[in-house]
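Each chain, letter by letter, is given below.
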Amino acid sequence: MNLTTTYLGLTLNNPLVASAGPLSRTVDGVRHLADAGVGAVVLPSLFEEQVQREAERDARLAETGAESFAESLSYLPGTVDGEAGPRRYLDLLSRAAAVAGVPVIASLNGVTAGGWTDYAAAMQDAGAAAIELNVYYLPPDPRMPGRDVEQRYVDVLTTVTAAVSIPVAVKLAPFFSSAGEVAIRLDRAGADGLVLFNRFMQADIDPETLTVSTGLKLSSPAEAALPRSWIARLRGLVGASLAASTGVETAGDVAAYLLAGADVVMTTSSLLRHGPSHAAVLIDELTEWLKRKGFSGVDDMRGLLAVPAGAHGSAFERAGYLTAIEEATRTYGPH
Ligand SMILES: Cc1cc2nc3c(=O)[nH]c(=O)nc-3n(C[C@H](O)[C@H](O)[C@H](O)COP(=O)(O)O)c2cc1C
(Lines give C-alpha, C1' and ligand atoms only; values in the text may rest on other atoms or scores of the structure.)
Protein backbone atom coordinates (compact mmCIF):
# COMPACT_ATOMS: atom_id res chain seq x y z
CA MET A 1 0.00 0.00 0.00
CA ASN A 2 1.45 3.36 -0.97
CA LEU A 3 1.18 5.76 1.95
CA THR A 4 3.90 8.11 0.70
CA THR A 5 2.89 11.70 1.19
CA THR A 6 4.29 15.09 0.30
CA TYR A 7 4.01 17.74 2.98
CA LEU A 8 5.69 21.17 2.74
CA GLY A 9 7.65 19.75 -0.18
CA LEU A 10 9.04 17.00 2.09
CA THR A 11 8.52 13.36 1.24
CA LEU A 12 7.03 11.46 4.19
CA ASN A 13 6.58 7.69 4.55
CA ASN A 14 2.96 8.22 5.49
CA PRO A 15 0.55 11.06 6.32
CA LEU A 16 0.48 10.62 10.11
CA VAL A 17 2.44 13.34 11.91
CA ALA A 18 3.04 13.71 15.65
CA SER A 19 1.98 17.28 16.36
CA ALA A 20 3.70 19.59 18.84
CA GLY A 21 3.26 18.28 22.35
CA PRO A 22 4.94 16.75 25.37
CA LEU A 23 5.92 13.49 23.65
CA SER A 24 8.50 15.22 21.47
CA ARG A 25 10.14 17.12 24.33
CA THR A 26 13.10 14.74 24.47
CA VAL A 27 15.29 12.98 21.96
CA ASP A 28 14.03 9.62 23.24
CA GLY A 29 10.46 10.82 22.87
CA VAL A 30 11.10 11.79 19.24
CA ARG A 31 12.79 8.44 18.64
CA HIS A 32 9.81 6.52 20.09
CA LEU A 33 7.44 8.39 17.81
CA ALA A 34 9.65 7.71 14.79
CA ASP A 35 9.95 4.04 15.77
CA ALA A 36 6.16 3.84 15.95
CA GLY A 37 6.15 4.92 12.31
CA VAL A 38 4.99 8.54 12.17
CA GLY A 39 5.83 10.33 8.93
CA ALA A 40 7.26 13.38 10.74
CA VAL A 41 7.51 14.85 14.21
CA VAL A 42 6.81 18.43 15.30
CA LEU A 43 8.68 19.58 18.40
CA PRO A 44 6.86 21.59 21.11
CA SER A 45 6.93 25.34 20.56
CA LEU A 46 9.74 27.61 21.53
CA PHE A 47 8.04 30.77 22.79
CA GLU A 48 8.98 34.31 21.87
CA GLU A 49 9.00 35.11 25.58
CA GLN A 50 11.65 32.43 26.19
CA VAL A 51 13.84 33.87 23.46
CA GLN A 52 13.43 37.38 24.86
CA ARG A 53 14.20 36.29 28.41
CA GLU A 54 17.37 34.61 27.24
CA ALA A 55 18.42 37.68 25.27
CA GLU A 56 17.82 39.90 28.33
CA ARG A 57 19.79 37.56 30.53
CA ASP A 58 22.67 37.49 28.05
CA ALA A 59 22.63 41.30 27.91
CA ARG A 60 22.71 41.49 31.72
CA LEU A 61 25.64 39.11 31.79
CA ALA A 62 27.50 41.12 29.19
CA GLU A 63 26.88 44.32 31.20
CA THR A 64 28.08 42.84 34.46
CA GLY A 65 31.31 42.12 32.61
CA ALA A 66 31.57 38.39 32.74
CA GLU A 67 35.26 37.91 31.94
CA SER A 68 34.71 35.86 28.88
CA PHE A 69 31.15 36.22 27.64
CA ALA A 70 31.18 33.17 25.40
CA GLU A 71 32.76 31.11 28.13
CA SER A 72 30.30 32.33 30.74
CA LEU A 73 27.40 31.12 28.60
CA SER A 74 28.61 27.56 28.91
CA TYR A 75 28.22 27.80 32.70
CA LEU A 76 24.60 28.84 32.45
CA PRO A 77 21.98 26.32 33.35
CA GLY A 78 19.94 25.18 30.33
CA THR A 79 16.75 26.45 31.87
CA VAL A 80 15.41 29.80 32.94
CA ASP A 81 12.90 29.51 35.78
CA GLY A 82 12.69 25.80 35.12
CA GLU A 83 11.70 26.14 31.47
CA ALA A 84 13.52 24.67 28.51
CA GLY A 85 15.53 27.60 27.15
CA PRO A 86 16.25 28.37 23.51
CA ARG A 87 19.76 26.89 23.62
CA ARG A 88 18.43 23.68 25.03
CA TYR A 89 15.73 23.71 22.35
CA LEU A 90 18.31 23.95 19.58
CA ASP A 91 20.28 21.16 21.20
CA LEU A 92 17.16 18.94 21.31
CA LEU A 93 16.41 19.81 17.70
CA SER A 94 19.87 18.97 16.37
CA ARG A 95 20.09 15.70 18.29
CA ALA A 96 16.53 14.67 17.39
CA ALA A 97 17.05 15.53 13.71
CA ALA A 98 20.21 13.42 13.69
CA VAL A 99 18.56 10.26 15.03
CA ALA A 100 14.88 10.45 14.04
CA GLY A 101 15.16 9.18 10.47
CA VAL A 102 12.02 11.21 9.67
CA PRO A 103 11.70 14.98 9.21
CA VAL A 104 11.73 16.92 12.48
CA ILE A 105 9.80 20.18 12.35
CA ALA A 106 10.58 22.98 14.81
CA SER A 107 7.83 25.17 16.21
CA LEU A 108 8.01 28.85 17.06
CA ASN A 109 5.30 30.59 19.03
CA GLY A 110 5.31 34.36 18.80
CA VAL A 111 3.20 37.37 17.94
CA THR A 112 5.65 40.08 16.96
CA ALA A 113 7.88 40.24 13.92
CA GLY A 114 10.79 41.08 16.24
CA GLY A 115 14.34 39.82 16.58
CA TRP A 116 13.20 36.51 18.08
CA THR A 117 12.52 35.37 14.54
CA ASP A 118 16.34 35.11 14.19
CA TYR A 119 15.76 31.87 15.98
CA ALA A 120 14.10 30.55 12.86
CA ALA A 121 17.49 30.72 11.13
CA ALA A 122 19.12 29.00 14.11
CA MET A 123 16.48 26.26 13.87
CA GLN A 124 17.29 25.77 10.23
CA ASP A 125 21.00 25.49 11.06
CA ALA A 126 20.21 23.00 13.82
CA GLY A 127 18.59 20.65 11.31
CA ALA A 128 14.90 21.53 11.27
CA ALA A 129 13.26 20.14 8.14
CA ALA A 130 10.68 22.93 8.35
CA ILE A 131 9.30 25.48 10.78
CA GLU A 132 5.77 25.61 12.12
CA LEU A 133 4.70 29.05 13.29
CA ASN A 134 2.24 28.84 16.10
CA VAL A 135 0.84 32.36 16.20
CA TYR A 136 -1.76 33.15 18.81
CA TYR A 137 -2.38 36.80 19.29
CA LEU A 138 -4.81 38.12 21.86
CA PRO A 139 -5.20 41.86 21.21
CA PRO A 140 -4.36 43.77 24.40
CA ASP A 141 -6.80 46.48 23.33
CA PRO A 142 -10.28 45.07 22.65
CA ARG A 143 -10.85 47.86 20.11
CA MET A 144 -8.11 46.59 17.80
CA PRO A 145 -9.63 45.92 14.36
CA GLY A 146 -9.61 42.34 13.08
CA ARG A 147 -7.61 43.38 10.01
CA ASP A 148 -4.74 44.58 12.24
CA VAL A 149 -4.79 41.30 14.17
CA GLU A 150 -4.62 39.35 10.91
CA GLN A 151 -1.76 41.53 9.67
CA ARG A 152 0.29 40.32 12.66
CA TYR A 153 0.09 36.79 11.32
CA VAL A 154 1.19 37.90 7.87
CA ASP A 155 4.07 39.98 9.32
CA VAL A 156 5.38 37.12 11.46
CA LEU A 157 5.18 34.79 8.47
CA THR A 158 6.98 37.11 6.05
CA THR A 159 9.71 37.91 8.59
CA VAL A 160 10.38 34.22 9.14
CA THR A 161 10.22 33.21 5.48
CA ALA A 162 12.74 35.97 4.73
CA ALA A 163 15.11 34.50 7.33
CA VAL A 164 15.09 30.85 6.22
CA SER A 165 15.14 28.71 3.10
CA ILE A 166 13.34 25.71 4.65
CA PRO A 167 9.54 25.48 4.35
CA VAL A 168 7.37 27.42 6.80
CA ALA A 169 3.87 26.42 7.92
CA VAL A 170 1.46 28.51 9.98
CA LYS A 171 -0.64 26.88 12.66
CA LEU A 172 -3.88 28.78 13.07
CA ALA A 173 -6.71 28.99 15.52
CA PRO A 174 -10.22 29.01 14.07
CA PHE A 175 -11.18 32.24 15.84
CA PHE A 176 -11.36 34.66 12.92
CA SER A 177 -14.54 36.12 11.51
CA SER A 178 -13.39 34.77 8.13
CA ALA A 179 -10.90 32.02 8.86
CA GLY A 180 -10.86 30.97 5.20
CA GLU A 181 -9.82 34.38 3.99
CA VAL A 182 -7.01 34.52 6.58
CA ALA A 183 -5.80 31.13 5.35
CA ILE A 184 -5.89 32.32 1.73
CA ARG A 185 -3.99 35.51 2.67
CA LEU A 186 -1.28 33.51 4.41
CA ASP A 187 -1.07 31.18 1.41
CA ARG A 188 -0.55 34.17 -0.87
CA ALA A 189 1.98 35.67 1.58
CA GLY A 190 4.16 32.59 1.13
CA ALA A 191 3.08 29.99 3.70
CA ASP A 192 4.18 26.56 2.54
CA GLY A 193 1.61 24.95 4.80
CA LEU A 194 -1.36 25.69 7.01
CA VAL A 195 -2.11 23.67 10.13
CA LEU A 196 -5.82 23.70 10.97
CA PHE A 197 -6.29 24.14 13.88
CA ASN A 198 -4.51 24.72 17.11
CA ARG A 199 -6.52 23.83 20.17
CA PHE A 200 -6.17 25.80 23.35
CA MET A 201 -6.36 24.77 26.93
CA GLN A 202 -9.04 26.90 28.47
CA ALA A 203 -9.36 27.29 32.19
CA ASP A 204 -12.67 25.97 33.45
CA ILE A 205 -14.79 26.03 36.59
CA ASP A 206 -15.66 22.97 38.67
CA PRO A 207 -18.99 23.71 40.41
CA GLU A 208 -18.47 20.89 42.93
CA THR A 209 -15.06 21.90 44.23
CA LEU A 210 -15.63 25.60 43.51
CA THR A 211 -12.22 25.80 41.91
CA VAL A 212 -10.80 26.89 38.59
CA SER A 213 -9.08 24.04 36.78
CA THR A 214 -6.21 24.37 34.31
CA GLY A 215 -8.35 23.17 31.45
CA LEU A 216 -6.04 20.35 30.41
CA LYS A 217 -8.45 18.13 28.52
CA LEU A 218 -7.48 15.97 25.59
CA SER A 219 -9.54 16.34 22.43
CA SER A 220 -12.44 14.19 21.28
CA PRO A 221 -13.22 13.15 17.67
CA ALA A 222 -16.30 15.40 17.57
CA GLU A 223 -13.96 18.39 17.60
CA ALA A 224 -12.54 17.33 14.23
CA ALA A 225 -15.65 18.48 12.35
CA LEU A 226 -14.62 22.16 12.38
CA PRO A 227 -11.05 21.76 11.04
CA ARG A 228 -12.25 19.08 8.64
CA SER A 229 -14.88 21.30 7.09
CA TRP A 230 -12.36 24.14 6.68
CA ILE A 231 -9.88 21.79 5.04
CA ALA A 232 -12.56 20.57 2.62
CA ARG A 233 -13.44 24.15 1.75
CA LEU A 234 -9.87 25.39 1.39
CA ARG A 235 -8.39 22.44 -0.52
CA GLY A 236 -9.23 23.85 -3.93
CA LEU A 237 -8.37 27.42 -2.98
CA VAL A 238 -4.81 27.30 -1.63
CA GLY A 239 -1.55 25.91 -2.93
CA ALA A 240 -0.13 25.48 0.57
CA SER A 241 -0.02 22.02 2.12
CA LEU A 242 -2.85 21.43 4.54
CA ALA A 243 -2.26 19.70 7.86
CA ALA A 244 -5.19 18.56 9.98
CA SER A 245 -4.87 18.95 13.73
CA THR A 246 -7.50 18.12 16.37
CA GLY A 247 -9.66 15.19 17.23
CA VAL A 248 -7.89 12.14 15.80
CA GLU A 249 -8.54 8.99 17.81
CA THR A 250 -9.03 6.25 15.20
CA ALA A 251 -7.87 5.47 11.67
CA GLY A 252 -11.38 6.48 10.55
CA ASP A 253 -10.66 10.01 11.80
CA VAL A 254 -7.41 10.03 9.79
CA ALA A 255 -9.17 8.75 6.66
CA ALA A 256 -11.93 11.37 6.99
CA TYR A 257 -9.35 14.17 7.13
CA LEU A 258 -7.56 12.78 4.07
CA LEU A 259 -10.88 12.56 2.19
CA ALA A 260 -11.47 16.22 3.06
CA GLY A 261 -8.14 17.05 1.42
CA ALA A 262 -5.55 17.11 4.22
CA ASP A 263 -2.02 16.34 3.07
CA VAL A 264 -1.07 15.14 6.54
CA VAL A 265 -3.02 14.36 9.67
CA MET A 266 -1.54 15.28 13.01
CA THR A 267 -2.26 13.87 16.42
CA THR A 268 -1.24 14.63 19.98
CA SER A 269 -4.20 13.67 22.19
CA SER A 270 -4.46 10.08 20.92
CA LEU A 271 -0.73 9.52 21.43
CA LEU A 272 -0.92 10.95 24.95
CA ARG A 273 -3.95 8.79 25.70
CA HIS A 274 -2.61 5.50 24.32
CA GLY A 275 1.15 6.04 24.09
CA PRO A 276 3.38 6.66 21.06
CA SER A 277 2.83 3.09 19.79
CA HIS A 278 -0.74 4.10 18.95
CA ALA A 279 0.78 5.68 15.83
CA ALA A 280 1.55 2.18 14.52
CA VAL A 281 -2.06 1.11 15.20
CA LEU A 282 -3.40 4.14 13.31
CA ILE A 283 -1.12 3.48 10.32
CA ASP A 284 -1.98 -0.26 10.21
CA GLU A 285 -5.69 0.45 10.47
CA LEU A 286 -5.47 3.17 7.81
CA THR A 287 -3.79 0.63 5.51
CA GLU A 288 -6.60 -1.87 6.23
CA TRP A 289 -9.21 0.77 5.52
CA LEU A 290 -7.57 1.71 2.20
CA LYS A 291 -7.53 -1.97 1.18
CA ARG A 292 -11.13 -2.49 2.23
CA LYS A 293 -12.24 0.52 0.18
CA GLY A 294 -10.23 -0.57 -2.86
CA PHE A 295 -7.72 2.32 -2.89
CA SER A 296 -4.11 1.64 -3.88
CA GLY A 297 -2.70 4.46 -1.77
CA VAL A 298 -3.46 7.72 -0.01
CA ASP A 299 -3.06 9.74 -3.20
CA ASP A 300 -6.01 7.79 -4.64
CA MET A 301 -8.43 9.12 -2.08
CA ARG A 302 -6.95 12.37 -0.79
CA GLY A 303 -9.39 15.21 -1.33
CA LEU A 304 -12.12 12.96 -2.74
CA LEU A 305 -14.67 14.79 -0.61
CA ALA A 306 -13.08 18.25 -0.76
CA VAL A 307 -15.16 21.06 -2.18
CA PRO A 308 -14.02 21.34 -5.82
CA ALA A 309 -12.36 24.66 -6.77
CA GLY A 310 -14.98 27.18 -7.86
CA ALA A 311 -17.87 25.16 -6.44
CA HIS A 312 -19.92 25.86 -3.36
CA GLY A 313 -19.76 23.16 -0.73
CA SER A 314 -23.37 23.21 0.30
CA ALA A 315 -22.96 20.44 2.89
CA PHE A 316 -20.40 22.71 4.59
CA GLU A 317 -22.43 25.88 4.19
CA ARG A 318 -25.68 27.38 5.38
CA ALA A 319 -27.69 24.85 3.38
CA GLY A 320 -25.97 22.04 5.28
CA TYR A 321 -26.72 23.78 8.56
CA LEU A 322 -30.40 24.04 7.68
CA THR A 323 -30.52 20.38 6.63
CA ALA A 324 -28.91 19.41 9.93
CA ILE A 325 -31.51 21.40 11.86
CA GLU A 326 -34.33 19.73 9.93
CA GLU A 327 -32.77 16.33 10.63
CA ALA A 328 -32.39 17.12 14.34
CA THR A 329 -36.00 18.27 14.51
CA ARG A 330 -37.18 15.06 12.83
CA THR A 331 -35.06 12.94 15.19
CA TYR A 332 -35.38 14.73 18.51
CA GLY A 333 -38.24 17.16 18.11
CA PRO A 334 -41.78 16.60 19.42
CA HIS A 335 -43.66 14.07 17.26
C1 LIG B 1 -0.16 18.92 26.55
C2 LIG B 1 -0.16 19.58 25.19
C3 LIG B 1 0.91 20.40 24.82
C4 LIG B 1 0.90 21.05 23.57
N5 LIG B 1 1.96 21.85 23.23
C6 LIG B 1 1.93 22.49 22.01
C7 LIG B 1 3.02 23.32 21.61
O8 LIG B 1 4.02 23.49 22.31
N9 LIG B 1 2.91 23.95 20.40
C10 LIG B 1 1.84 23.79 19.59
O11 LIG B 1 1.80 24.38 18.50
N12 LIG B 1 0.81 22.99 19.94
C13 LIG B 1 0.84 22.35 21.13
N14 LIG B 1 -0.21 21.54 21.48
C15 LIG B 1 -1.35 21.41 20.56
C16 LIG B 1 -1.24 20.14 19.71
O17 LIG B 1 -0.11 20.18 18.88
C18 LIG B 1 -2.49 19.96 18.83
O19 LIG B 1 -2.57 20.99 17.88
C20 LIG B 1 -3.78 19.96 19.64
O21 LIG B 1 -3.63 19.20 20.82
C22 LIG B 1 -4.94 19.38 18.83
O23 LIG B 1 -4.61 18.09 18.37
P24 LIG B 1 -5.13 16.74 19.10
O25 LIG B 1 -6.59 16.76 19.06
O26 LIG B 1 -4.51 15.65 18.30
O27 LIG B 1 -4.61 16.79 20.51
C28 LIG B 1 -0.20 20.85 22.70
C29 LIG B 1 -1.24 19.99 23.06
C30 LIG B 1 -1.24 19.34 24.28
C31 LIG B 1 -2.38 18.43 24.64
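Residues numbered from 1 in each chain as written. Predicted model: local features only at pLDDT ≥ 70, side-chain atom pairs only at ≥ 80, totals over all residues. Heavy atoms only, no water.

Asks: How would you summarise the side chain of Glu-249 if you had to cite specific residues and measurements?
Replies: For Glu-249, the position within the fold is in the loop between strand S13 (241-245) and helix H9 (251-260). Residue classification places Glu-249 among the buried residues on the basis of a relative accessible area of 18%. Here the side chain of Glu-249 touches Arg-273 through a polar contact of 2.6 Å, side chain to side chain. Setting aside chain neighbours within four positions, we find Glu-249 in contact with Pro-221, Ser-270, Arg-273, His-274, His-278 and Leu-282. (Helix = DSSP H or I, 4+ residues; strand = E, 2+ residues; numbered from the N terminus. Buried < 20%, exposed > 50% of the residue type's maximum accessible area, 1.4 Å probe, protein only. Polar contact = N/O pair within 3.5 Å; in protein donor to acceptor, adjacent residues only side chain to side chain. Contact = heavy atoms within 4.5 Å.)

Asks: I'd like to hear about the confidence of the model for the protein, residue by residue, with values.
Replies: In the predicted model, the protein carries a mean pLDDT of 89, and 93% of its residues have values of at least 70. Low pLDDT (under 50) marks residues 71-83, which in the prediction has 23 contacts with non-local residues, meaning those over four places away or in another chain. (pLDDT = per-residue confidence, 0-100.)

Asks: Go over the packing of helix H6 (residues 146-163) against helix H7 (residues 179-188) with me, naming the residues and quoting the values.
Replies: Across the interface, H6 lies against H7 with an axial gap of 10 Å and an inter-helix angle of 30 degrees. Here H6 is positioned roughly parallel relative to H7, judged by the angle of their axes. Both H6 and H7 take part in a crossing whose hand is right-handed. Along its contact with H6, which presents Arg-147, Glu-150, Gln-151, Tyr-153, Val-154 and Leu-157, the element H7 presents Glu-181, Val-182, Arg-185 and Leu-186. Of the residues assigned to the contact of H6 with H7, the class counts are 5 nonpolar, 1 polar and 4 charged. (Axes fitted to C-alpha atoms, helices over the stretch in contact; angles between N-to-C directions. Parallel < 35°, antiparallel > 145°, perpendicular 65-115°, else oblique. Left-handed = near helix turned anticlockwise from the far one by under 90°. Nonpolar A, V, L, I, M, F, W, Y, C, P; charged D, E, K, R; others polar.)

Asks: Break down the site of the ligand for me, citing the residues and quoting the values.
Replies: Surrounding the ligand, one finds 19 residues, the nearest of these being Ala-20, Ser-45, Asn-134, Ser-219 and Ser-269. Contact distances for the ligand include 2.5 Å between an oxygen atom and a backbone N or O atom of Ala-20. For the ligand, an oxygen atom lies 2.8 Å from a polar atom in the backbone of Gly-247. Coverage of the ligand by the protein chains reaches 88% of its 610 Å² of free accessible surface. Looking at the shell around the ligand, the elements with two or more residues in it are strand S4 (40-47) and helix H10 (269-274). (Near = heavy atom within 4 Å. Areas by Shrake-Rupley, 256 points an atom, 1.4 Å probe, with all protein chains shown as cover.)

Asks: Could you give me a rundown of the packing of helix H4 (residues 86-100) against helix H5 (residues 118-125), with the residues and numbers involved?
Replies: The interhelical angle for the contact between H4 and H5, taken along N-to-C directions, is 30 degrees, at an axis separation of 9 Å. It follows that H4 is roughly parallel to H5 by the angle criterion. Read as a crossing pair, H4 and H5 show a hand that is right-handed. Here H4 contributes Pro-86, Arg-87, Tyr-89, Leu-90 and Leu-93 to the contact with H5, which in turn contributes Tyr-119, Ala-122 and Met-123.

Asks: Kindly report on the side chain of Ser-107, identifying the contributing residues and their values.
Replies: Structurally, Ser-107 can be placed in strand S7 (residues 104-109). Judged by its relative accessible area of 1%, Ser-107 is buried.

Asks: I'd like a description of the pairing of S7, backed by residues and values.
Replies: In terms of burial, S7 is largely enclosed, as 6 of its 6 residues are buried. Neither face of S7 is open: one carries Val-104, Ala-106 and Leu-108, the other Ile-105, Ser-107 and Asn-109, and all of them are buried. Of the pairings in the sheet, the one linking S7 to strand S8 (residues 130-134) comprises 4 bridges and is parallel in character. Opposite Leu-108, over in S8, you have Leu-133 as the bridge partner. (Pairing = 2+ DSSP bridges.)

Asks: I'd love a proper account of H6, names of residues and values included.
Replies: Here H6 is 18 residues long and its end C-alpha atoms lie 27 Å apart, about the 26 Å a rise of 1.5 Å per residue gives. Burial in H6 covers these residues: Val-149, Glu-150, Tyr-153, Val-154, Val-156, Leu-157 and Val-160. The arc enclosing the buried residues of H6, seen along the axis, measures out at 155 degrees, which places them on a common side. (Expected span 1.5 Å × (residues − 1). Arc of directions from axis to C-beta.)

Asks: Please provide a residue-by-residue account of the sheet that holds S4, values included.
Replies: The strands that make up a sheet pair up through hydrogen bonds in the backbone, lying either parallel or antiparallel. With respect to topology, 8 strands assemble into a closed barrel ordered S3-S4-S7-S8-S9-S10-S13-S14, the strand pairing being parallel. Adjacent strand axes in the sheet meet at a mean angle of 25 degrees, parallel and antiparallel pairs treated alike. Here 5 bridges tie S4 to S7, and the two strands are oriented parallel to one another. Paired with Val-41 across the bridge in S7 is Val-104. Packed on one face of the sheet, helix H8 (residues 225-234) meets strand S10 (193-196) and S13 and runs near 170 degrees to S13.

Asks: Explain the packing of aromatic side chains to me, using residue names and the numbers behind them.
Replies: Per the counting criterion, the structure on display carries 4 aromatic pairs. Measuring from centroid to centroid gives 6.5 Å for Phe-175 and Phe-200, while their planes differ by 35 degrees, and the two rings are tilted. In this pair, Phe-175 sits in the loop between strand S9 (168-172) and H7 while Phe-200 sits in the loop between S10 and strand S11 (204-206), placing the two residues 25 residues apart along the sequence. A residue is classified by how much of its surface remains accessible, and Phe-175, at 58% relative accessible area, is exposed. (Phe/Tyr/Trp six-rings, centres within 6.5 Å; stacked < 30°, edge-to-face > 60°.)

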